[in-house]
Amino acid sequence: MNYSIIVYIIGYVLKIEGLFLLLPCLTALIYQEPSGFAFLISAAICLFLGIIATYKKPQNNVFYGKEGFVTVSLCWVVLSIFGALPFLLNKEIPSIPDALFETISGFTTTGSTILTDIEALSKCSLLWRSFTHWIGGMGILVFVLAILPIAGGGSQMYLMRAESPGPSVSKLVPRVKHTAMILYGIYIVITIIEIILLLIGGMPFFDAITSAFGTAGTGGFGIKNDSFASYPIFCQGVVTVFMILFGVNFNVYYLFLCRKHKQALQSEELRMYLIIILVSSLFIAFNIRHLFPGFQALHQAFFQVGSIITTTGFATADFNTWPELSKMILIFLMFFGACAGSTGGGIKISRILILMKSIKKELFFIVHPRSVKKIRMDGQVIEHDILRSINVFMATYFIIIMLSILLISLENKDTVTTVTSVITTLNNIGPGLELVGPIGNFSSFSALSKFVFMFDMLAGRLEIFPMLILFMPGTWKK
């Protein structure tokens, strides 16, 4: 284990977090809020520790898969701990478990909250909550790779693979740094376009920025107690479209930039993703037509389907009151998630597709035992290693769900609350059903349950294994 390079990279992450913390300081200055001093102090602490950790560059800056997984996991834990400091210092979230829960929920783009009155927070704290979504959406280490050469050889790819969502990650261009720059460039441009459209729709500037941050990271932290219900229908429509756009694999956007439109549109994952959204929305719209007049049923259905499948978590209605069929469809969408290589969470559409193809292949073998059949995705043969990793991922995923549900059941809350609270945190969605529904929150859970949720949120965002590897004794041997 190359400990020196791990500390060095964590130091860089702390320095970048320190710079990011200056944005809410500026917000506090504009709105003349004294709580901004908490962000200034936190920024100073991050910069000081980061400078110490990066004062001397390690002689050996090459590392491998194990170091990549450990580095990513520790960076996200450290990022969350120091990101929670301002809430503790300004006493807006005085409890350590609550402050950590809120911050981890932000960085992992989950959007679950312990707050009962969101609008009581200062503007700088509201901005920081939403900005953590934007930071976590693409990934802090992808940002670091885009601006700094921090590791030697091909080591940088181990960081990107450990942090990026999906069954496989590849370079768009020969150099990892350029790949990271392309990804963040696309990310920033789409975010700016959304802000402009929200401003055109009459949304205040502060609301437009925070909403765009939450949408881009598919996070779902709102700045109003009713989430998105009180905004104009045009703004809700803009957010619906952009939630879906940020749930698309960013490789597709790169293909469009390279004018490979045909190849981009032939993506099986993209087609399946859009079909699921369309069919689910139409079913729910028909099912809730008695609750909303005319076009509103379709609008509400598309917004909630887009919010849930992309694991954003914004809400325009309390879907706790919707018919059972609509709620069950939303629960299924919680598992599906968005596309691989997007900012969304969940299992990912690509994994679902490959599993379906595996089932079809197995049934074919039963009928034709001597046949040879390869599983293909977008014309490419799916290698055995990818199939194995998906099968192991799915097994581990459901084991974590079962163990988490057992631990949360110690709270003696109703079954729907217990089950959906785990599903929504592991899949980085935000709202569940019943007590943790769109008008509920996680404040009533004990500290133990909140730490279980924190682990689930981090495991879900980092695709499980980077977090689990921290608990293996062999990981820490030199």
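See the structure above.
By convention here, each chain's residues receive numbers from 1 onward along its written sequence. Under the rules for a predicted model, residues below a pLDDT of 70 receive no local features and side-chain atom pairs below 80 are neither given nor counted, while totals for whole chains, interfaces and linings still include all residues. Processing note: side-chain calculations cover all non-hydrogen atoms of the structure and skip hydrogens and water entirely.

Asks: What should I look at first to understand the overall build of the protein chain in this one?
Replies: Counting from the N terminus, the helices are DSSP H or I runs at least four residues long and the strands are E runs at least two residues long. Across its full length, the protein chain carries 21 helices and 2 strands. Radius of gyration (C-alpha) of the protein chain: 22 Å, near the 23 Å computed for a compact globule of 478 residues. Judged by the C-alpha coordinates and their principal axes, the protein chain covers about 65 × 55 × 50 Å. Per-residue burial over the protein chain gives 59% buried out of 478 residues. Residue contacts are counted whenever heavy atoms from the two residues lie within 4.5 Å of one another. Put simply, of all contacts in the protein chain between residues at least 6 apart along the chain, 72% involve residues at least 24 apart. The convention is simple: Lys and Arg are positive, Asp and Glu are negative, and His and the chain ends are not counted. Here the site of a charge means NZ on Lys, CZ on Arg, CG on Asp, or CD on Glu. Each charge class in the protein chain can be summarised by its mean position, and for the 33 positive and 25 negative side chains these summaries are 14 Å apart. Both definitions apply: the radius of gyration is a C-alpha atom measure, and the globule rule equals 2.2 Å times residues to the power 0.38. A 1.4 Å probe rolled over the protein chains alone gives each residue an accessible area, and that area as a share of the maximum for its type sets the label: buried under 20%, exposed over 50%, partly exposed in between.

Asks: Explain the packing of helix 15 (residues 295-309) against helix 16 (residues 324-336) to me, please; I cannot follow it from the model alone.
Replies: The description of two helices packed together rests on the angle between their axes and the distance between the axes. The contact between helix 15 and helix 16 brings their axes to 8 Å, and the two run at 30°. Residues Gln304, Val305, Ile308 and Ile309 of helix 15 touch helix 16, and the partners they reach there are Leu330, Leu333 and Met334. In terms of residue class, the contact of helix 15 with helix 16 is built from 6 nonpolar, 1 polar and no charged. Helix axes are fitted to C-alpha atoms over the stretch in contact, other axes to C-alpha atoms as well, and angles between N-to-C directions run from 0 to 180 degrees. Three residue categories are used. Nonpolar comprises Ala, Val, Leu, Ile, Met, Phe, Trp, Tyr, Cys and Pro, charged comprises Asp, Glu, Lys and Arg, and polar comprises the others, including Gly.

Asks: Quick question: what am I supposed to make of unusual backbone geometry here?
Replies: For threonine 311, which is not glycine, the phi dihedral falls at a positive 60°. Exposure remark for threonine 311: the relative accessible area of 0% places this residue in the buried category. Of note in this structure, asparagine 412 is not a glycine but carries a positive phi near 60°. Looking at where asparagine 412 falls in the secondary structure, it is placed in the loop between helix 18 (384-408) and helix 19 (415-426).

Asks: Is there a simple way to think about the packing of aromatic side chains in this case?
Replies: Any pair of aromatic rings gets described here by the distance separating the centres and the angle formed by the planes. Stacked, edge-to-face and tilted are the three classes for Phe, Tyr and Trp ring pairs, Trp counted by its six-membered ring, which pair at centre distances within 6.5 Å; planes under 30 degrees apart are stacked, over 60 edge-to-face, the rest tilted. For the structure shown, the criterion picks out 30 aromatic pairs. Judged by centre distance (6.0 Å) and plane angle (85°), the ring pair of phenylalanine 107 and tryptophan 128 falls under edge-to-face. Highlighted residues: phenylalanine 107 in helix 5 (residues 96-107) and tryptophan 128 in helix 6 (residues 123-138), separated in sequence by 21 residues. The class for tryptophan 128 is buried, based on a relative accessible area of 0%. Here the aromatic rings of tyrosine 184 and tyrosine 187 are separated by 5.6 Å at their centres, their planes lie at 85°, and the arrangement is edge-to-face. In this pair, tyrosine 184 and tyrosine 187 are both assigned in helix 9 (residues 176-200), 3 residues apart and thus about one turn of the helix distant. Across the pair, tyrosine 187 and tyrosine 184 agree in class, each one buried. Here, a charge over a ring means that NZ of Lys or CZ of Arg falls within 6 Å of the ring centre while also lying within 35 degrees of the ring normal. A cation sits over an aromatic face here: arginine 289 above phenylalanine 286, 4.0 Å from the ring centre. Directly above the aromatic system of phenylalanine 393 lies the positively charged group of arginine 351, at a separation of 3.8 Å from the ring centroid.

Asks: Hey, could you run me through the side chain of serine 449 in this one?
Replies: Topologically, serine 449 is positioned in helix 20 (residues 447-461). Setting aside residues no more than four positions away along its own chain, serine 449 makes contact with Ile408 and Glu411.

Asks: Hey, could you run me through the side chain of threonine 240 in this one?
Replies: Relative to the helices and strands, threonine 240 is located in helix 11 (residues 233-246). Setting aside its immediate chain neighbours within four residues, threonine 240 contacts Phe302 and Phe303.

Asks: Would you mind showing me how to read the pattern of salt bridges here?
Replies: When the charged atoms of two side chains lie near each other, side chains of opposite charge can form a pair. By definition, a salt bridge exists where a carboxyl oxygen of Asp or Glu is found within 4 Å of a side-chain nitrogen of Lys or Arg. Tallied over the full model, the rule gives 6 salt bridges. Its salt-bridge partner being aspartate 98, residue lysine 450 comes within 2.5 Å of it at the nearest N-O pair. Taken together, the positions of lysine 450 in helix 20 and aspartate 98 in helix 5 put the pair 352 residues apart, joining distant regions of the chain. Using a relative accessible area of 5% as the deciding quantity, one classes lysine 450 as buried. Glutamate 102 is paired through a salt bridge with arginine 129; the nearest N and O atoms lie 2.9 Å apart. You can see glutamate 102 sitting in helix 5 and its partner arginine 129 sitting in helix 6, a full 27 residues away along the chain. No difference in accessibility class separates glutamate 102 from arginine 129, as the two residues are buried. By sharing partners, the salt bridges in this structure join Lys348, Arg351 and Glu463 into a single network.

Asks: It is not clear to me how helix 17 (residues 349-367) should be interpreted in this structure. Could you clarify?
Replies: Count 3.6 residues to each turn of an α-helix, and residues three or four apart come out pointing the same way. Taking 1.5 Å of rise per residue, 19 residues should cover 27 Å, and helix 17 covers 27 Å from first to last C-alpha, within 8% of that figure. Of all the residues in helix 17, the buried ones are Ile349, Ser350, Arg351, Ile352, Leu353 and Ile354. Taken together, the buried residues of helix 17 touch helix 14 (268-287), helix 16, strand 1 (376-377) and helix 18. A helix's residues, less one, multiplied by 1.5 Å, set its expected span.

Asks: Help me understand the environment of isoleucine 118, please; the structure alone is not making it clear to me.
Replies: Mapped onto the elements of the fold, isoleucine 118 is located in the loop between helix 5 and helix 6. With sequence-adjacent residues up to four places away left out, isoleucine 118 is seen in contact with Leu126, Arg129, Gly222, Ile223, Lys224 and Asn225.

Asks: Explain the environment of isoleucine 96 here, please?
Replies: Relative to the assigned elements, isoleucine 96 resides in helix 5. Among the residues examined, isoleucine 96 registers a relative accessible area of 52% and is labelled exposed. In this structure, the C-alpha to C-alpha distance between isoleucine 96 and isoleucine 81, residues 15 residues apart in sequence, is 9.6 Å.

Asks: Would you mind going over helix 6 with me for this structure?
Replies: In a regular helix each residue adds 1.5 Å, so 16 residues correspond to 22 Å; helix 6 covers 24 Å between its end C-alpha atoms and thus fits that length. Burial analysis of helix 6 places 15 of its 16 residues in the buried class, which makes it a mostly covered element. Looking one or two residues past helix 6, glycine 139 carries a phi angle of roughly 110°, positive in sign.

Asks: When you look at the nonpolar core in this model, what are you seeing that I'm missing?
Replies: For soluble globular proteins, the rule of thumb is that nonpolar side chains tend to be buried together. To form a nonpolar core, buried Ala, Val, Leu, Ile, Met, Phe, Trp, Tyr and Cys residues must be joined to one another through side-chain atoms within 4.5 Å. Grouped together as the largest cluster of nonpolar side chains are 136 residues, with contacts concentrated most on Trp128 and Tyr273. The element contributing the most residues to this core is helix 1 (residues 3-20), with 10 residues. Leave out the neighbours within four places in its chain, and tryptophan 128 touches Glu17, Phe20, Leu21, Pro24, Phe39, Gly83, Phe87, Phe107 and Ile135.

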